[in-house]
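Chains, contacts and geometry: an overview
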Amino acid sequence: MSASPKKCKVGFLWDYSMETFNFGKSHPVRVGRFQMVRDFIEQVELLTAENISILKPEPLSESLLERIHAPEYLDEVRRISRTGEGEIDIDTPGFRGIYENALITTGATVTGVKAILSGEVDHFYSPTGGFHHAKYAWGGGFCVFNDIAAAIYELKSQGFSRVLVLDLDVHHGNGTQEYFYNDPDVMIISFHEDPEWLYPHDGFITDIGSDEGLGLNINMPFPMDSGDAVYRYAFDNLIPSLVEFFEPDFIFLLPGYDAHYRDSMSHLTLTTDIIRYTSKWIHQAAHKWSQGKLGVISGGGYHPEAFLWCAGTVLSVISRTDYQPPSQEPPFEDDDETWNIVKRNVSRVQELVFPILGLEK
Ligand SMILES: [Zn+2]
Ligand SMILES: [Zn+2]
């Protein structure tokens, strides 16, 4: 009998300072959500697992901050932070201390990256981050500073040149796409609900990168009501070929909790079964291609119970520990129309991208 595989060391990013934000009482991003995840993983005995430890997030450095955002935007965030007056965007209200809070929540992702590079942990899990709507010039969509861009620039400064971002958040990562659209060192694969009707109304199949980054920006939109079955079909027919081609040396996963059927921010109907499936695949991929280097940035997820089930699921996958959420019944199964649109979209992605990368369909 062979020995069971060694359990990976996982750093869970957490500190009270992450929670010092205030978008207002009616905002979907509620104060207390990170504490809630922390308490939940303690309750289901993940936090006490021998291979899971807490990592304290460090604020983002000035040099990385200046690398990822325009000086005028940073001045405005600092002004809002001092006065408590103004907003980042219509859906992202300002508050006193927003600058310092964003430095911590964004810095958490870079702290996780550094802990992996130093060998302290194999993987990190941040209950925040994934601020993929923030662009160089300005933030928005609940995102102040783009932590993914900051983490990628940190990796590039240390010689990494094949960074994969698998962005399964239900909203397209329009900010991250803009930073790396022509960058040959970064592959971004985004699965999201059709931008025709969902924020940020960007992320079309035809947006495939440019110049040296041509073919490395992959957008796979799903129609409303898409569930686990069509999602798995798209995953199986796109992700393995693309990841095998790219051979990433570092992987970021945004696991897509806001695509869960109980989440009211979108119209996809996923369950934790598919979230387990995709995170398991990418965890194995990290061990195959990136010497295990995998950072999970959990990002969105606005239904409190579903958010916790998803967090428990992904954390248990990457730490090889036991956690089972309750069984879930989405409102309906994928119908013929959904299947037809998803199959057509998958074919279009393959037709547009695969020949550029020299891949067979
Ligand atoms: Zn692992
Ligand atoms: Zn989202």
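Description of the structure in this document. What you see is a predicted model; the values in this text were computed from it and never measured. (Residues numbered from 1 in each chain as written. Chains lettered and ligands numbered in written order. Predicted model: local features only at pLDDT ≥ 70, side-chain atom pairs only at ≥ 80, totals over all residues. Heavy atoms only, no water.)

Turning our attention to the coordination of the zinc ion (ligand 1). Protein-derived coordination of the zinc ion (ligand 1) comes from Cys8 (SG), His123 (NE2), His283 (NE2) and His287 (NE2), at a distance range of 2.0 to 2.1 Å. Around the zinc ion (ligand 1) sit four donor atoms; with metal-centred angles ranging over 100 to 127 degrees, the donor geometry is tetrahedral. Sequence spacing of the donors to the zinc ion (ligand 1): C-x114-H-x159-H-x3-H. Here Cys8, found in the segment before strand S1 (10-13), pairs with His287, found in helix H8 (residues 272-289); they are 279 residues apart in sequence, far enough to count as distant. The class of Cys8 is buried, set by a relative accessible area of 2%. (Donors = N, O, S within 2.8 Å, 3.2 Å for Na, K, Ca; no water. Tetrahedral: all angles 85-135°; square planar, octahedral: opposite > 155°, others 65-115°. Helix = DSSP H or I, 4+ residues; strand = E, 2+ residues; numbered from the N terminus. Buried < 20%, exposed > 50% of the residue type's maximum accessible area, 1.4 Å probe, protein only.)

As a further point, take the environment of Gly84. Residue placement: Gly84 occurs in the loop between helix H3 (71-83) and strand S3 (87-89). Separated by 35 residues in the primary sequence, Gly84 and Gly119 place their C-alpha atoms 40 Å from one another. In this structure, Gly84 is in contact with Gly94, Phe95 and Arg96, ignoring residues within four places of it in sequence. (Contact = heavy atoms within 4.5 Å.)

A few words on the sheet that holds S1. In sheet architecture, strand pairing relies on hydrogen bonds along the backbone and comes in two forms, parallel and antiparallel. With parallel pairing, the eight strands of this open sheet are ordered in space as S2-S1-S5-S10-S9-S6-S7-S8. The open sheet has two edge strands with one neighbour each: strand S2 (52-55) and strand S8 (217-222). Neighbour-to-neighbour, the strand axes of the sheet open up by a mean angle of 15 degrees, direction not taken into account. Sheet analysis places strand S9 (residues 250-254) next to strand S10 (residues 294-297), joined by three bridges and oriented parallel. Bridge assignment links Phe252 to a residue of S10, and that residue is Gly295. Across the sheet, helix H4 (residues 98-117) touches S1, S2, strand S5 (123-126), S9 and S10, and the angle it forms with S5 is around 165 degrees. (Pairing = 2+ DSSP bridges. Axes fitted to C-alpha atoms, helices over the stretch in contact; angles between N-to-C directions.)

Okay, the packing of aromatic side chains next. Following the criterion strictly, the structure yields 21 aromatic pairs and no others. Ring plane angle 45 degrees and centroid distance 5.4 Å describe the contact between Tyr153 and Phe180, whose orientation is recorded as tilted. Of this pair, Tyr153 sits in helix H5 (residues 147-157) while Phe180 sits in the loop between helix H6 (174-179) and strand S7 (186-193); the two residues are 27 residues apart in sequence, bridging distant segments of the chain. Just as Tyr153 is buried, Phe180 falls in that class too. Note on Tyr233 and Trp339: the rings are 5.7 Å apart at their centroids and 75 degrees apart in plane angle, and the pair reads as edge-to-face. With Tyr233 in helix H7 (residues 228-246) and Trp339 in helix H10 (residues 336-357), the pair connects residues that are 106 residues apart, well separated along the chain. Here Tyr233 falls in the partly exposed class, since its relative accessible area comes to 26%. An aromatic cluster is built from Phe191, Phe222, Tyr231, Phe235, Tyr277 and Trp281, whose rings are joined through pairwise contacts. (Phe/Tyr/Trp six-rings, centres within 6.5 Å; stacked < 30°, edge-to-face > 60°.)

Listed as protein donors to the zinc ion (ligand 2) are Asp169 (OD), Asp169 (OD), His171 (ND1) and Asp258 (OD); their distances from the metal cover 1.9 to 2.7 Å. One way to put it: the four donor atoms around the zinc ion (ligand 2) meet at angles of 53 to 155 degrees, and that makes the site irregular. Along the chain, the residues that donate to the zinc ion (ligand 2) are spaced as D-x1-H-x86-D.

For the rest of this paragraph, the subject is the packing of H8 against helix H9 (residues 304-319). Look at H8 against H9: their axes get within 9 Å of each other, and the N-to-C directions meet at 30 degrees. Here H9 runs roughly parallel to H8, going by the angle between their axes. By crossing handedness, the relation of H8 to H9 is classed as right-handed. In contact with Thr272, Ile275, Arg276, Ser279, Lys280 and His283 of H8, H9 contributes Trp309, Cys310, Thr313, Val314, Ser316, Val317 and Ile318. Considering only residue class, the contact of H8 with H9 consists of six nonpolar, five polar and two charged. (Parallel < 35°, antiparallel > 145°, perpendicular 65-115°, else oblique. Left-handed = near helix turned anticlockwise from the far one by under 90°. Nonpolar A, V, L, I, M, F, W, Y, C, P; charged D, E, K, R; others polar.)

By the burial criterion, the buried members of helix H1 (residues 33-43) are Arg33, Phe34, Val37, Arg38, Phe40 and Ile41. Buried residues of H1, viewed axially, fall in a sector of 165 degrees; they line one side. In this structure, the buried side of H1 is in contact with S1, S2 and H9. Glu45 lies just past H1 and shows a positive phi near 65 degrees. (Arc of directions from axis to C-beta.)

For the rest of this paragraph, the subject is the side chain of Asp263. As for its position among the elements, Asp263 is in the loop between S9 and H8. Within the local environment of Asp263, its side chain forms a polar contact with the backbone nitrogen of Tyr302, the two atoms lying 2.6 Å apart. Aside from chain neighbours lying at most four places away, what touches Asp263 is Tyr257, Asp258, Gly301, Tyr302 and His303. (Polar contact = N/O pair within 3.5 Å; in protein donor to acceptor, adjacent residues only side chain to side chain.)

Contact geometry for H3 and H4: axes closest at 7 Å, N-to-C directions at 120 degrees. Regarding the angle of H3 to H4, the classification is oblique. Every residue of H4 that contacts H3 at Val77, Arg78, Ile80 and Ser81 is listed here: Ile98, Tyr99 and Glu100. When its residues are assigned to classes, the contact of H3 with H4 shows four nonpolar, one polar and two charged.

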